[in-house]
Amino acid sequence: QVQLVESGGGLVQPGGSLRLSCAASGSIVAINRMGWYRQATGKQRELVALISSVGRRVTADPVKGRFTISRDNAKNTVYLQMNSLKPEDTAVYYCNEDVVRTWGERGMDYWGKGTLVTVSS
């Protein structure tokens, strides 16, 4: 079994910052792609940022220049540094990872349960 646990969400004022973390645990040999998605009330889940196993990043246009994704492979953890937050960033943020559980096998897709970020004055 593999578990992803997000942390770091909360209430922040516009212009503020938060840092989300997602720690993976369980039977893990390697983690390929790591990413963050978000879902606002009444909207579809959307990509926020991705980072490959070698550190290549993809960042969605709405958060480009404000959010930064990073990873610590030794800790099986992915981070999302969110700066200059706006009310429209309010959403539940989910981490998503492609986890290899056995050498030689393809990775499997796992999701965390989400952490709520609310940007409001």
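A few points on the structure. Since this is a predicted model, take the numbers as computed values, not measurements.

Points about the nonpolar core
Right, so step 1: With 28 residues, the main nonpolar core has Trp-36, Val-48, Phe-67, Val-78, Leu-80, Met-82 and Tyr-93 as its most contacted residues.
Right, so step 2: Elements with a minimum of two residues in this core: strand 1 (2–7), strand 3 (18–26), strand 4 (30–39), strand 5 (46–51), strand 7 (67–72), strand 8 (77–82), strand 9 (91–100) and strand 11 (115–119).

Description of the packing of aromatic side chains
Right, so step 1: Inspection of every chain in the model, using the stated rule, returns one aromatic pair.
Right, so step 2: It is Arg-19 that lies over the ring of Tyr-79; its NZ or CZ is 4.0 Å from the centre.
Right, so step 3: One Lys or Arg, Arg-45, reaches over the ring of Trp-111 and ends 4.7 Å from the middle of that ring.

Some remarks on the sheet that holds strand 3
Right, so step 1: Judged by pairing direction, the sheet is antiparallel, and its four strands sit side by side in the order 1-3-8-7 without closing on themselves. The sheet is open, and its two edges are formed by strand 1 and strand 7, each paired on a single side. This sheet shows a mean twist of 15 degrees between the axes of neighbouring strands, independent of strand direction.
Right, so step 2: Relative to strand 3, strand 1 is paired through six bridges, and the arrangement is antiparallel. Looking at the pairing, Ser-7 lines up with Ser-21 of strand 3.

Section: the pattern of salt bridges
Where side chains of opposite charge bring their charged atoms close, a pairing between them can arise.
Right, so step 1: Following the criterion strictly, the structure yields five salt bridges and no others.
Right, so step 2: Residues Asp-61 and Lys-64 are paired through a salt bridge, measuring 3.0 Å at the closest nitrogen-oxygen approach.
Right, so step 3: Members of the salt-bridge network, linked through shared partners, are Arg-38, Glu-46, Arg-66 and Asp-89.

Section: the environment of Ser-120
Right, so step 1: Among the secondary structure elements, Ser-120 is positioned in the segment after strand 11.
Right, so step 2: The spacing of Ser-120 and Val-99 is 21 residues in sequence and 35 Å in space, taken between C-alpha atoms.
Right, so step 3: Contact partners of Ser-120, with chain neighbours within four places excluded, come to Leu-11, Val-12, Gln-13 and Pro-14.

Regarding the side chain of Thr-77
Right, so step 1: Within the secondary structure, Thr-77 is located in strand 8.
Right, so step 2: Here Thr-77 falls in the buried class, since its relative accessible area comes to 7%.
Right, so step 3: A polar contact of 2.9 Å, which involves the side chain of Thr-77, links it to the backbone oxygen of Lys-75.
Right, so step 4: Residues contacting Thr-77, with those up to four places away along its chain left out, are Ser-21, Cys-22, Ala-23, Met-34, Ser-70, Arg-71 and Asp-72.

Concerning the side chain of Asp-98
Right, so step 1: Here Asp-98 shows up in strand 9.
Right, so step 2: Within the buried core, Asp-98 has no salt-bridge partner, and the shortest N-O distance to an opposite charge, that of Arg-33, equals 4.5 Å.
Right, so step 3: In this view, Asp-98 contacts Ala-30, Ile-31, Asn-32, Arg-33, Gly-107, Met-108 and Asp-109; residues no more than four positions away in its chain are not counted.

Points about the pairing of strand 3
Right, so step 1: As defined by bridge partners, strand 3 adjoins strand 8 across six bridges and the pair is classed as antiparallel. Counted as the bridge partner of Ala-23 is Thr-77 from strand 8.

About the cut-offs
- Residues numbered from 1 in each chain as written.
- Predicted model: local features only at pLDDT ≥ 70, side-chain atom pairs only at ≥ 80, totals over all residues.
- Heavy atoms only, no water.
- Core = buried A, V, L, I, M, F, W, Y, C linked by side-chain atoms within 4.5 Å.
- Buried < 20%, exposed > 50% of the residue type's maximum accessible area, 1.4 Å probe, protein only.
- Helix = DSSP H or I, 4+ residues; strand = E, 2+ residues; numbered from the N terminus.
- Phe/Tyr/Trp six-rings, centres within 6.5 Å; stacked < 30°, edge-to-face > 60°.
- Lys NZ or Arg CZ within 6 Å of the ring centre and 35° of its normal.
- Pairing = 2+ DSSP bridges.
- Axes fitted to C-alpha atoms, helices over the stretch in contact; angles between N-to-C directions.
- Salt bridge = Lys/Arg side-chain N within 4 Å of Asp/Glu carboxyl O.
- Contact = heavy atoms within 4.5 Å.
- Polar contact = N/O pair within 3.5 Å; in protein donor to acceptor, adjacent residues only side chain to side chain.
- Lys, Arg positive; Asp, Glu negative; His and termini not counted.

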